[in-house]
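Residues per chain are reported as follows:
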Amino acid sequence: MPLYEHVMIARQDLSNTQAEGLIEHFGAVLADNGGKLVDSEYWGIKTMAYKINKNRKGHYAFLRSDAPAPAVQEMERLMRLHDDVMRVLTIKVDEHKELPSVQMQKREERGDRRPRR
């Protein structure tokens, strides 16, 4: 099955448990349609570059899935219809990278930056 990575932004007025509940809910949607949620990360509340639906902040979540295309389409459809989800991004990847994602790594653990010019 194809591998996908999803990033979801939920409204800022949700509690942390409600935001993590959304991750579980959409993982169950994938499972019901023949896919599986490989891993998920809750990135917390982050400030956005611009307002979305009058919100300056949002709960960010990162999901890795192994699912057929119809299951991903159904999950995206339900995410877009859900009132608490503001934005969704899904990309198809060749392989899942090891945990944690760059967003969750400490600065010391990240690779060296390129030198300034």
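What counts, and at which threshold
- Residues numbered from 1 in each chain as written.
- Predicted model: local features only at pLDDT ≥ 70, side-chain atom pairs only at ≥ 80, totals over all residues.
- Heavy atoms only, no water.
- Helix = DSSP H or I, 4+ residues; strand = E, 2+ residues; numbered from the N terminus.
- Buried < 20%, exposed > 50% of the residue type's maximum accessible area, 1.4 Å probe, protein only.
- Areas by Shrake-Rupley, 256 points an atom, 1.4 Å probe, with all protein chains shown as cover.
- Pairing = 2+ DSSP bridges.
- Axes fitted to C-alpha atoms, helices over the stretch in contact; angles between N-to-C directions.
- Contact = heavy atoms within 4.5 Å.
- Polar contact = N/O pair within 3.5 Å; in protein donor to acceptor, adjacent residues only side chain to side chain.

Asker: Go over the overall build of the protein with me, naming the residues and quoting the values.
Answerer: Within the protein, the regular secondary structure consists of two helices and four strands. The buried share of the protein, reckoned over its 117 residues, is 38%. When the accessible surface of the protein is totalled, it reaches about 8,000 Å², and 47% of it is carbon and sulfur.

Asker: How would you sum up the sheet that holds strand 2 (residues 36-52)? Please name residues and give values.
Answerer: In space, the four strands of this open sheet follow the order 2-3-1-4, with antiparallel pairing throughout. Since the sheet does not close on itself, it has two edges, and those belong to strand 2 and strand 4 (85-93), each with one partner. Neighbour to neighbour, the strand axes of the sheet diverge by 20° on average, direction disregarded. Judged from the eight bridges that link them, strand 1 (residues 3-11) and strand 4 form a sheet pairing that is antiparallel. Directly across from isoleucine 9, in strand 4, lies its bridge partner arginine 87. Contacting strand 1, strand 2, strand 3 (55-66) and strand 4, helix 1 (residues 16-32) runs over the sheet at an angle of about 130° to strand 2.

Asker: Provide a residue-level description of the side chain of histidine 6, including the pertinent values.
Answerer: Secondary-structure assignment places histidine 6 in strand 1. For histidine 6, a relative accessible area of 0% gives the class buried. A polar side-chain atom of histidine 6 sits 2.9 Å from a polar atom in the side chain of threonine 90. Discounting residues that sit within four places of it in the chain, histidine 6 has contacts with Ala61, Phe62, Leu63, Ser65, Val72, Met75, Leu89 and Thr90.

Asker: Kindly report on the pairing of strand 2, identifying the contributing residues and their values.
Answerer: Where strand 2 lies against strand 3, 11 bridges are found, and the strand directions are antiparallel. Bridge pairing in strand 3 links lysine 46 to glycine 58. Between the end of strand 2 and the start of strand 3, which pair antiparallel, lie two residues, with asparagine 53 showing a positive phi angle near 50°.

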